[in-house]
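# Observations on chain architecture
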Amino acid sequence: MTPAAPAVRIDAVTVFYGEVVGLSQVSLELSPGIVGIVGPNGSGKTTLMRVLVGLLQPREGHVQVLGGSPFADAEVRAQITLVPASENFYPNLSGRKNLEVAFLAQGLPRAEARARAELGLERIGLVADGPRHYGTWSRGMRQRLKLGLALANDSPVVLLDEPFLGVDPPNRHALREHILALGNAGKVVLVSSHILHEIEALTDRVGVLANGRLLGFGRLDQLLSELRDDHPHRIRLRVDAPRPLAVELLSLEHVRELRILGEDSLEFTTVKPDEAYRDLPAVVVRTGAVVRDVRSDDHSLENVFREVTASGSRRL
Ligand code: ADP
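The rules we used
- Residues numbered from 1 in each chain as written.
- Predicted model: local features only at pLDDT ≥ 70, side-chain atom pairs only at ≥ 80, totals over all residues.
- Heavy atoms only, no water.
- Near = heavy atom within 4 Å.
- Polar contact = N/O pair within 3.5 Å; in protein donor to acceptor, adjacent residues only side chain to side chain.
- Areas by Shrake-Rupley, 256 points an atom, 1.4 Å probe, with all protein chains shown as cover.
- Helix = DSSP H or I, 4+ residues; strand = E, 2+ residues; numbered from the N terminus.
- Nonpolar A, V, L, I, M, F, W, Y, C, P; charged D, E, K, R; others polar.
- Domains from an automatic or database assignment.
- Buried < 20%, exposed > 50% of the residue type's maximum accessible area, 1.4 Å probe, protein only.
- Pairing = 2+ DSSP bridges.
- Axes fitted to C-alpha atoms, helices over the stretch in contact; angles between N-to-C directions.
- Contact = heavy atoms within 4.5 Å.
- Expected span 1.5 Å × (residues − 1).
- Arc of directions from axis to C-beta.

This part covers the site of the ligand. Taken together, Y17, V20, V21, P40, N41, G42, S43, G44, K45, T46, T47 and R50 make up all the residues around the ligand. In the model, an oxygen atom of the ligand is placed 2.7 Å from a nitrogen or oxygen of the G42 main chain. K45 places a polar side-chain atom, nitrogen or oxygen, 2.8 Å from an oxygen atom of the ligand. Protein coverage of the free-state accessible area of the ligand, which is 560 Å², stands at 61%. Residue assignment for the shell around the ligand shows that the elements contributing at least two residues are β2 (20-30) and α1 (45-52). With four residues, α1 is the largest single contributor of residues to the shell around the ligand. Of the residues assigned to the shell around the ligand, the class counts are four nonpolar, six polar and two charged.

Take a look at the structure:
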């Protein structure tokens, strides 16, 4: 690998689960430091991580990690730690024993596994809780224990799938510090979340996924600045008599284009989706229209940002 080559590079990767699209033509490059992947549930974040760790072979495209293929090359795979969203620890074993078992399963000799379990506990700041049954640990501590595996392994590539899921604020702070430390240590760290704020606290480099497609990748402030222009948002209605409703909708200041689609539906774009959804019920009542369905299949970057921005507390 030449010094300029990115540690991780995927080109036009497409993954299918039967008929379901997991990822569609995703390309990205990662170098040391933290990158966030945000996207709603089902957008392909876990699939991306599975591809990067070699658990899934893409139907199309190319995956290269540390100069090799994680799918074909066990040595490459051994350099990547995936911390999955789910837990695989045993409730009746202590936290320490659980780490030890996990390291044994990775093929380490017992003495080494034991030493590494201790190191993992140290690095997550939970040595005192190590002897306690895992079943008694809080959700936040459990997430930290998973991270202990990654921290003790010293892998150059660390993939963290939804590490903050269900974590209480004190543990959240500790978890954030651990992840920042991984980035500062020069590792390639990919962190996924369906909540943008969790990622913002770690890094300004993000990729935005929706429906298996990477809608944007780069610095968060740049991605957000692209959204500041009024970006049209498309809404489709199934309605008994579309014409009177169309006239009313066109009188709204924020509605741009409107098309009547046959006898029972219409579609319009608005530059103020929040206002459109707020105004819609009153307009419908005024015209006496019978609306059977309202949907937006708009997977624009702005729309996805709206979804991943918890409770709209960040203005877009
Ligand atoms: P995320 O991690 O963002 O929630 P996933 O990568 O888990 O998204 O899922 C992406 C898409 O692939 C979703 O439509 C999901 O239902 C589908 N999918 C994921 N895993 C499987 C599977 N094992 N079998 C079938 N479909 C799957």
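On we go from here.
Turning next to the domain arrangement of the chain. Per the domain assignment, the segments making up the chain are domain 1 (8-217) and domain 2 (232-297). Averaged C-alpha coordinates put domain 1 and domain 2 at centres separated by 43 Å.

We now examine unusual backbone geometry. Although it is not a glycine, L66 adopts a positive phi angle of roughly 50°. Structurally, L66 is set in the loop between β4 (60-65) and α2 (74-77). Residue L66 is classed as partly exposed on the basis of its relative accessible area, which comes to 26%. Of note in the backbone geometry, N211 takes a positive phi value of approximately 50° without being a glycine. Residue classification places N211 among the partly exposed residues on the basis of a relative accessible area of 46%.

Spatially, β5-β6-β7-β3-β8-β9 is the arrangement adopted by the six strands of the open sheet, whose pairing is mixed. Each end of this open sheet is capped by a strand with a single partner; those strands are β5 (80-83) and β9 (213-219). Across this sheet, the average inter-strand angle for adjacent strands is 15°, counted without regard to direction. The sheet contact formed by strand β3 (residues 33-38) and strand β7 (residues 188-193) spans six bridges and is parallel. For V35, the partnering residue across the bridge sits in β7 and is L190. Where helix α11 (residues 301-308) meets the sheet, its contacts fall on β8 (205-210) and β9, and the angle it forms with β8 comes to roughly 100°.

This part takes up helix α4 (residues 110-123). When the terminal C-alpha atoms of α4 are compared, their 20 Å separation across 14 residues agrees well with the 20 Å that a helix rising 1.5 Å per residue should span. Within α4, the full set of buried residues consists of A113, R116, A117, G120 and L121. Along the axis of α4, the buried residues cluster in a sector spanning 140°; they form a single face. Looking at the buried residues of α4, the elements they touch are α3 (95-105) and α5 (139-153). G125 occupies a position one or two residues after α4 and carries a positive phi of about 70°.

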